[in-house]
Amino acid sequence: MTIQFGNPDRPNSYIGKTVPRPNAAKLVQGRGQYVDDITLPRMVHVAFVRSPFAHAQITGIDAAEALATKGVLRVFTGADLAEVCTPWVAVLAHLKGLKSPPEHPIAIDRAVWVGEPVAAVVATSRAAAEEGAALVEVDYDPLPAVTDTMTALDADTPVIHPDLGDNLAFRRLHEEGDVDAAKAAAHKVVTARFRTARHTGVTLEPRSILVDWNPAEGQMTAYHATQAPHMMQSVLAKHLDIPESRVRVICGDVGGSYGIKVHVYPDEVATAAIAKVMGRPVKFIADRLESFTTDIHARDHEIEASIAVDADGKILAIDVNDWTGIGPYSVYPRTSAIEGNQVVNLCGGPYDFANYRARTSVVFQNKTPTCQYRAVGHPIAVAITEGLVDMAAAELGMDPVEIRRRNMYADDAYPVTSPAKMKFEGLSHHASMDKLMAMMDYDALRADQAEARKAGKLRGLGIASFIELTNPSPFMYGIGGARISAQDGCTVRMDPDGSVVALSGVTEQGQGTEAMLSQVVAEGVGVPPSQVRVITGDTQVTPYGGGTWASRGAGIGGEAALQAAKALRDSILQVAAAMLQAAPDTLDIRDGQVVDAATGAERMPLAELGRIVYFRGDTLPKDLPRELVQTRHFITMDYPFAFTNGVQASYLEVDPETGVVTLLKHWCVEDCGRVINPQLVDEQIRGGIVQGLGGALYEEIHYDADGQLLNGSMADYLVPMAAEMPDMQIAHVETPTGESELGAKGAGEAGTAGAPAAVMNAINDALRPLGAQVTEMPFTPERILRAMGKIEG
């Protein structure tokens, strides 16, 4: 059966329509189950003693007073856990030269960031564990801290890990064409410095893990708020010396992840190691301060970049020099070099030009480790590219939309390979821009802006085109040696009553995976989505898969589900044909009924077929296959990544007296291939935009020169709130990938990728008559007023 996606009136046409989330009622009624809701017999709690210094030698640990505290059972040091847990080194073979030192669950003799665990206290209650942790005496010998990215490689800067020789973790230079010659021949060369601030995920549910070790069965069970259960299964098995088949990771409801829950954290591995030592269930729930100091950070970049254009606005060259600080370790197992690597891969993405040079320098610091976070590297690359394009347009006196139209790849040019050597299967930059212009009424907004300026109001309009990397193949991690699966699987089963169960390796993080899978399976089998039960996040029952990251759930997990569902449909029809004495191809399944394919006349409900197969199999032919369960896996093969594209626009007003930015409206047109559930995709885009706006206007982790975190609470760290968000209008262009029948690419990060650049360009459009410009995120009132010359410094 080939699905006729172009026919909206086809039977079982659930793909492409908005269907309700099957888990909505549970979550709205407060019946979701998170790790902290789980209590096991003999369960104990662990709290961690964390380094107050960014860099210090640990010279002694005295746990006597802690051990005397009521309820405290045991105190573990780094040396204790080193006996049962091997360290890890986060490098990837294909990132040549990437280096990082071995990392242990608990620091052994030296702490290298504020918040690194240096001891663990286990007690019968969380309160007792925290009380005990406060009483552990740790003697430190403070060492010089490295906190500035741009001086990390200076000769007089201390080397954090002497065995590595210097503070350079990774460097990559990519060159295509002759950038210097292109710049020399250009009509205009525009150069700018950009900075993106460290920020973090701020999930509603903090990192959480509960690990139970059953020594009698040699079985470890980890209840874990994670995006990648099978990856964690492999990690715990490897470093705690347990067969993978004896490690079960269960991921139930998750209160947001945004990329921070796809990594290996020392305190979570320590919790598993402690459970194995003590033979008791051990729970760790991070508090908010721990979240700020130990969840991965991201976006700590400083960049100098230039663009060369001819007199007609044609881009001749883009030249990027990126520096990024990653803390003291590359984070396991994805590594912390990926974000800088993505900047090199993605800059200039929408545009057809010949000469490109990009370098990233990734350096160690004594700050919280950074790693992949939603839309890895995308907001940085888009801000650099789109900021430069707008600046070039201003230099030429050209409309910012027109300069983009002159440089974007033609929609019929694909497949093409970019100057960064990224392979694009099929994108729709011009169709997306056309749709955006019509949707936002660009000319009317420009007229409104002109009228506002006459009234002394600083209104600006910003455009940002972008590409997004989705559906990654093993070229992202597998070829580097990381045991991170790029494939995914789905098992689809029909139960005796005719209902269907789908088990998927993709996880539900609150983004709507269950809804997407239910409608894909429903259409593939021929039952209503309400008749499909989706189970995810349990390594013991779901097929092996990569989980949820890099906008891969629908494109890879969805295709596996579709093929498994279609295989089950074929199996059902084979049985039905034998029972009805008909040819299988004359039958169909619609709305849970076996029907005549030509007339739609009902022949048999699935419940009756299930009754016969499961309970009266003796009445069927002996040699009739009767496997009402099918499993299929899917992996992309033709392209390393399925790139999507889109364009965003922001209209805003800058208060000339206070520098406060008021967001008036935001638009996004994106192309994620086949849209499976329009409402879910729209909300994914809106959520991503909100996250991007947070990075553009509010979110920034502050450190002092000694590496002390200065804003580790929700009172000091600004996140975007509903009242500050503008109305957002979302639309789509669909260019399905030919790699799969479903044709879906990813949509989860498109909003985040383009929003900061659109806002930056809108602010600068508002400020341009004043000769002011901002390129350092977040664009706080202080930075805007400073750019306007209203405050000094």
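Residues numbered from 1 in each chain as written. Predicted model: local features only at pLDDT ≥ 70, side-chain atom pairs only at ≥ 80, totals over all residues. Heavy atoms only, no water.

S.K.: I'd like a description of the sheet that holds strand S22 (residues 500-504), backed by residues and values.
M.R.: Across a sheet, paired strands are connected by hydrogen bonds in the backbone, their directions being either parallel or antiparallel. In spatial order, the strands read S23-S22-S21-S27; together these 4 strands make up an open sheet with mixed pairing. Two strands close off the open sheet at either side, each with one partner strand: strand S23 (532-536) and strand S27 (629-634). Within the sheet, the average angular offset between the axes of one strand and its neighbour, ignoring direction, is 20 degrees. Two elements, S22 and S23, share 5 bridges in a ladder whose sense is parallel. Paired with Ala 502 across the two strands is Val 534, which belongs to S23. Packed on one face of the sheet, helix H15 (residues 553-580) meets strand S21 (488-494) and S27 and runs near 150 degrees to S27. (Pairing = 2+ DSSP bridges. Helix = DSSP H or I, 4+ residues; strand = E, 2+ residues; numbered from the N terminus. Axes fitted to C-alpha atoms, helices over the stretch in contact; angles between N-to-C directions. Contact = heavy atoms within 4.5 Å.)

S.K.: Please provide a residue-by-residue account of empty space enclosed by the protein, values included.
M.R.: Taken as a whole, this structure holds 5 cavities of 30 Å³ or more when the rule is applied. Every residue lining the largest cavity is counted, 15 residues in all, and those nearest its centre are Trp 113, Tyr 265, Pro 266, Thr 294 and Pro 369. When the residues that make up the lining of the largest cavity are grouped by side-chain class, the tally is 10 nonpolar, 1 polar and 4 charged. Its boundaries defined by the atoms lining it, the second largest cavity holds a volume of some 90 Å³. If you trace the second largest cavity, you find 13 residues lining it, with His 199, Arg 299, Pro 379, Gly 695 and Pro 756 closest to the centre. Only helix H10 (378-396), helix H17 (678-697) and helix H18 (750-767) provide two or more residues apiece to the lining of the second largest cavity. Of the residues forming the lining of the second largest cavity, the biggest block, 3 residues, is contributed by H17. Its residues placed into classes, the lining of the second largest cavity shows 6 nonpolar, 6 polar and 1 charged. (1 Å grid on protein atoms, 1.4 Å probe; cavity = no way out; pocket = protein on both sides within 12 Å on 5 of 7 lines; lining within 4 Å. Points joined across faces, edges and corners; volume = space filled by probe spheres on them. Nonpolar A, V, L, I, M, F, W, Y, C, P; charged D, E, K, R; others polar.)

S.K.: Go over the sheet that holds strand S28 (residues 642-654) with me, naming the residues and quoting the values.
M.R.: Spatial strand order, S20-S28-S29-S30: 4 strands in an open sheet with mixed pairing. Each of the sheet's edge strands pairs with one partner strand only, and the pair in question is strand S20 (458-470) and strand S30 (727-732). Across this sheet, the average inter-strand angle for adjacent strands is 15 degrees, counted without regard to direction. Examined bridge by bridge, S28 and strand S29 (residues 661-671) share 10 bridges and lie antiparallel to one another. Looking across to S29, one finds that Val 654 is bridged to Val 661.

S.K.: Explain the UniProt feature "domain: Aldehyde oxidase/xanthine dehydrogenase a/b hammerhead" (unreviewed entry) in the protein to me, using residue names and the numbers behind them.
M.R.: The UniProt record marks residues 29-144 with the feature "domain: Aldehyde oxidase/xanthine dehydrogenase a/b hammerhead" (unreviewed entry), using the residue numbering of this structure. The distance from the first to the last C-alpha atom of residues 29-144 is 52 Å, and the span holds 16% helix and 30% strand. (UniProt positions renumbered as here; feature names shortened; annotations may be inferred.)

S.K.: Give a detailed account of the environment of Val 501, specifying residues and quantitative values.
M.R.: Here Val 501 is to be found in strand S22. Expressed as a C-alpha distance, the spacing of Val 501 and Ile 535, which sit 34 residues apart in the sequence, is 7.4 Å. Other than its neighbours up to four places away in sequence, Val 501 contacts Thr 491, Val 492, Arg 493, Asp 495, Arg 533 and Ile 535.

S.K.: So what about the nonpolar core? Which residues, and what values?
M.R.: Generally speaking, nonpolar side chains in soluble globular proteins are found buried as a group. Membership of the largest hydrophobic core comes to 163 residues, with the highest contact counts inside it found for Ile 384, Leu 436, Met 440, Ile 463 and Ile 763. With 11 residues, the top contributor of residues to this core is H18. Two domains each put at least three residues into this core: domain 2 (42-144 + 204-257 + 261-293) and domain 3 (301-475 + 638-788). The next biggest cluster of nonpolar side chains, apart from the first, holds 46 residues, and it includes Phe 5, Val 500, Val 521 and Ile 612. (Core = buried A, V, L, I, M, F, W, Y, C linked by side-chain atoms within 4.5 Å. Buried < 20%, exposed > 50% of the residue type's maximum accessible area, 1.4 Å probe, protein only. Domains from an automatic or database assignment.)

S.K.: Quick one: what's the story with the pattern of salt bridges, residue by residue and with numbers?
M.R.: Tallying each qualifying case throughout the model produces 46 salt bridges. Of the charged contacts, one joins Asp 588 and Arg 569 as a salt bridge, the two residues approaching to 2.7 Å between their closest N and O atoms. Placement of Asp 588 in strand S24 (residues 587-590) and of Arg 569 in helix H15 is noted, with a sequence separation of 19 residues between them. Exposure remark for Asp 588: the relative accessible area of 10% places this residue in the buried category. (Salt bridge = Lys/Arg side-chain N within 4 Å of Asp/Glu carboxyl O.)

S.K.: Tell me what's going on with the state of the cysteines, and back it up with residues and numbers.
M.R.: A covalent bond between the sulfur atoms of two cysteines is what we call a disulfide. This model, assessed by the stated rule, comprises 0 disulfides. Of all cysteine sulfurs in the structure, the one in Cys 371 sits closest to Cys 347, which takes part in no disulfide; the separation is 19 Å. (Disulfide = S-S within 2.5 Å.)

S.K.: Now, about the side chain of Asp 300: what can you tell me, with residues and values included?
M.R.: Turning to its location among the elements, Asp 300 is positioned in the loop between strand S14 (297-298) and strand S15 (301-309). Relative accessible area serves as the criterion here: at 7%, Asp 300 is assigned to the buried category. In this structure the side chain of Asp 300 is engaged in a polar contact, spanning 3.4 Å, whose partner is the side chain of Gln 365. When sequence neighbours within four positions are dropped, the list of residues in contact with Asp 300 reads Thr 149, Thr 196, Arg 198, Trp 323, Thr 324, Gly 325, Glu 339, Gln 365 and Lys 367. (Polar contact = N/O pair within 3.5 Å; in protein donor to acceptor, adjacent residues only side chain to side chain.)

S.K.: An account of the packing of aromatic side chains is requested, with residue identities and associated values reported.
M.R.: All chains considered together, the criterion is met by 10 aromatic pairs. A ring pair is formed by Phe 353 and Tyr 356, whose centres lie 6.1 Å apart and whose planes are at 80 degrees; its orientation type is edge-to-face. When its relative accessible area of 7% is taken as the criterion, Phe 353 is described as buried. Taken together through their ring pairs, the aromatic side chains of Tyr 409, Tyr 414, Phe 424, Phe 641 and Phe 643 make up a single cluster. A cation sits over an aromatic face here: Lys 276 above Trp 213, 5.6 Å from the ring centre. (Phe/Tyr/Trp six-rings, centres within 6.5 Å; stacked < 30°, edge-to-face > 60°. Lys NZ or Arg CZ within 6 Å of the ring centre and 35° of its normal.)

S.K.: Break down the domain arrangement of the protein for me, citing the residues and quoting the values.
M.R.: According to the domain assignment, the protein consists of domain 1 (23-31 + 487-634), domain 2 (42-144 + 204-257 + 261-293) and domain 3 (301-475 + 638-788). The straight-line distance from the C-alpha centre of domain 1 to that of domain 3 is 39 Å. At the junction of the two partners, domain 1 supplies 19 residues and domain 3 supplies 20 residues. When the buried area of domain 1 at its contact with domain 3 is split by residue, Gln 519, Trp 549 and Ser 551 rank highest and sum to 31% of it. Joining domain 1 to domain 3, the criterion identifies 1 salt bridge. Measuring nitrogen to oxygen at the nearest pair gives 2.7 Å for the salt bridge that ties Glu 741 to Lys 566. Between the two partners, domain 1 and domain 3, sit 10 residue pairs in polar contact (both at pLDDT 80 or more). Of all elements in the fold, only helix H14 (513-525) and H15 reach the threshold of two or more residues within the side of domain 1 that touches domain 3. A per-element tally of the side of domain 1 that touches domain 3 places H15 first, with 8 residues. (Buried area = accessible area lost by both parts, 1.4 Å probe.)

S.K.: For the environment of Lys 421, give the residues involved together with the corresponding values.
M.R.: Mapped onto the secondary structure, Lys 421 falls in the loop between strand S18 (416-417) and strand S19 (423-424). C-alpha separation for the pair Lys 421 and Leu 346, spaced 75 residues apart in sequence, amounts to 9.7 Å. In this structure, Lys 421 is in contact with His 174 and Glu 176, ignoring residues within four places of it in sequence.

S.K.: Tell me about the side chain of Asp 671, residues and numbers included.
M.R.: Tracing the sequence through the fold places Asp 671 in strand S29. We note that Asp 671 is buried and unpaired, the nearest opposite charge coming from Lys 745 at a distance of 4.9 Å. At a separation of 3.0 Å, a polar atom in the side chain of Asp 671 contacts the main-chain amide nitrogen of Gly 673. At 2.4 Å, the side chain of Asp 671 and the side chain of Thr 735 are in polar contact. Beyond its immediate chain neighbours, meaning those up to four positions away, Asp 671 contacts Ser 428, Thr 644, Asn 645, Val 733, Glu 734 and Thr 735. (Lys, Arg positive; Asp, Glu negative; His and termini not counted.)

S.K.: Could you give an account of unusual backbone geometry, with specific residues and numbers?
M.R.: In this chain, Tyr 414 is followed by Pro 415 through a cis amide linkage whose omega measures 5 degrees. Mapped onto the fold, Pro 415 is located in the loop between helix H11 (400-407) and S18. For Ala 375, which is not glycine, the phi dihedral falls at a positive 65 degrees. Position of Ala 375 among the secondary structure elements: in the loop between strand S17 (355-363) and H10. A relative accessible area of 0% places Ala 375 in the buried class. The phi dihedral of Ser 551 falls on the positive side, at around 50 degrees, and the residue is not glycine. With respect to the element layout, Ser 551 can be found in the loop between S23 and H15. Look at Ser 551 and you get buried, because its relative accessible area is 13%.

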